[in-house]
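Structural description and commentary
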Amino acid sequence: MKFLNKVGEYTKEAVQAAKYIGQGMSVTFDHMRRRPITVQYPYEKLIPSERFRGRIHFEFDKCISCEVCVRVCPINLPVVDWKFNTEMKKKELKSYSIDFGVCIFCGNCVEYCPTNALSMTEEYDLSTFDRHELNFDSVALGRMPTKVTEDPFVTPIRELAYLPKGVIEGHETPHTAKRAGLRPEEIAEATSENK
Ligand code: SF4
Ligand code: SF4
């Protein structure tokens, strides 16, 4: 009798476990029916935000060789090579470079440059086979950055904070759809109206 009781209990537990597995599998199969929320890099790319800190852009004719960027950099990275022009009594910039293999993209140099010679771009794919190629000189730093939205081979996808209200996935959102929240100029307008 004892043995039969044990068999009965075992069967009950096995049926219960099978039920739970069945429920679990139905949830798993339900996930398969949903659209995979995956960005298919390199054919699809997320559009970086307007404050994204990508590769630094440099404008040679705006730089006054003040070396503020060097002083505010955590590792004094920018190399500012200048000579003093005695005729004009002015510093003359000879060359400028930033090694992106060492840069941490903190943006301090951009923040403190008094003439806005430096700016952050949205370019982030900088990988090279040789680390010395990451040492950008003033010409390389002055090149126009690549844009995700202007690449004919790339489908740009909007990031979460840039989607319309109530939408949490960028794949099926048209480019013209208005993002949630107010733009800075709209906030400024609303604040001035309230005054
Ligand atoms: S982004 Fe930061 S680490 Fe890179 S050069 Fe500028 S200050 Fe230095
Ligand atoms: S802070 Fe700006 S102006 Fe001064 S050396 Fe650096 S890039 Fe040139």
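Keep in mind the model is a prediction, meaning the values are calculated, not measured.

Moving on: the site of ligand 1. Neighbouring ligand 1 are Ile56, Cys73, Pro74, Leu77, Cys103, Ile104, Phe105, Cys106, Gly107, Asn108 and Cys109. Classifying every residue of the shell around ligand 1 gives 9 nonpolar, 2 polar and no charged.

Counted by the stated rule, this structure contains 8 salt bridges. Taking the shortest distance from any N to any O, the salt bridge between Asp30 and Arg33 comes out at 2.6 Å. Looking at Arg33, the relative accessible area reads 69%, which means it is exposed. One salt bridge in this structure joins Glu185 and Arg183, with 3.1 Å as the shortest N-O distance. When its relative accessible area of 39% is taken as the criterion, Arg183 is described as partly exposed. Through salt bridges with shared partners, a single ionic network connects Asp30, Arg33 and Arg34.

Here the focus is the environment of Lys62. Within the fold, Lys62 resides in the loop between β2 (56–58) and α2 (68–72). For Lys62 and Thr115, which are 53 residues apart along the polypeptide, the C-alpha to C-alpha distance reads 6.3 Å. Dropping the residues within four chain positions of it, Lys62 is found in contact with Thr115, Asn116 and Ala117.

Basis of the calculations
Residues numbered from 1 in each chain as written. Chains lettered and ligands numbered in written order. Predicted model: local features only at pLDDT ≥ 70, side-chain atom pairs only at ≥ 80, totals over all residues. Heavy atoms only, no water. Near = heavy atom within 4 Å. Nonpolar A, V, L, I, M, F, W, Y, C, P; charged D, E, K, R; others polar. Salt bridge = Lys/Arg side-chain N within 4 Å of Asp/Glu carboxyl O. Buried < 20%, exposed > 50% of the residue type's maximum accessible area, 1.4 Å probe, protein only. Helix = DSSP H or I, 4+ residues; strand = E, 2+ residues; numbered from the N terminus. Contact = heavy atoms within 4.5 Å.

Take it as geometry only, folks, not as evidence of what the structure does.
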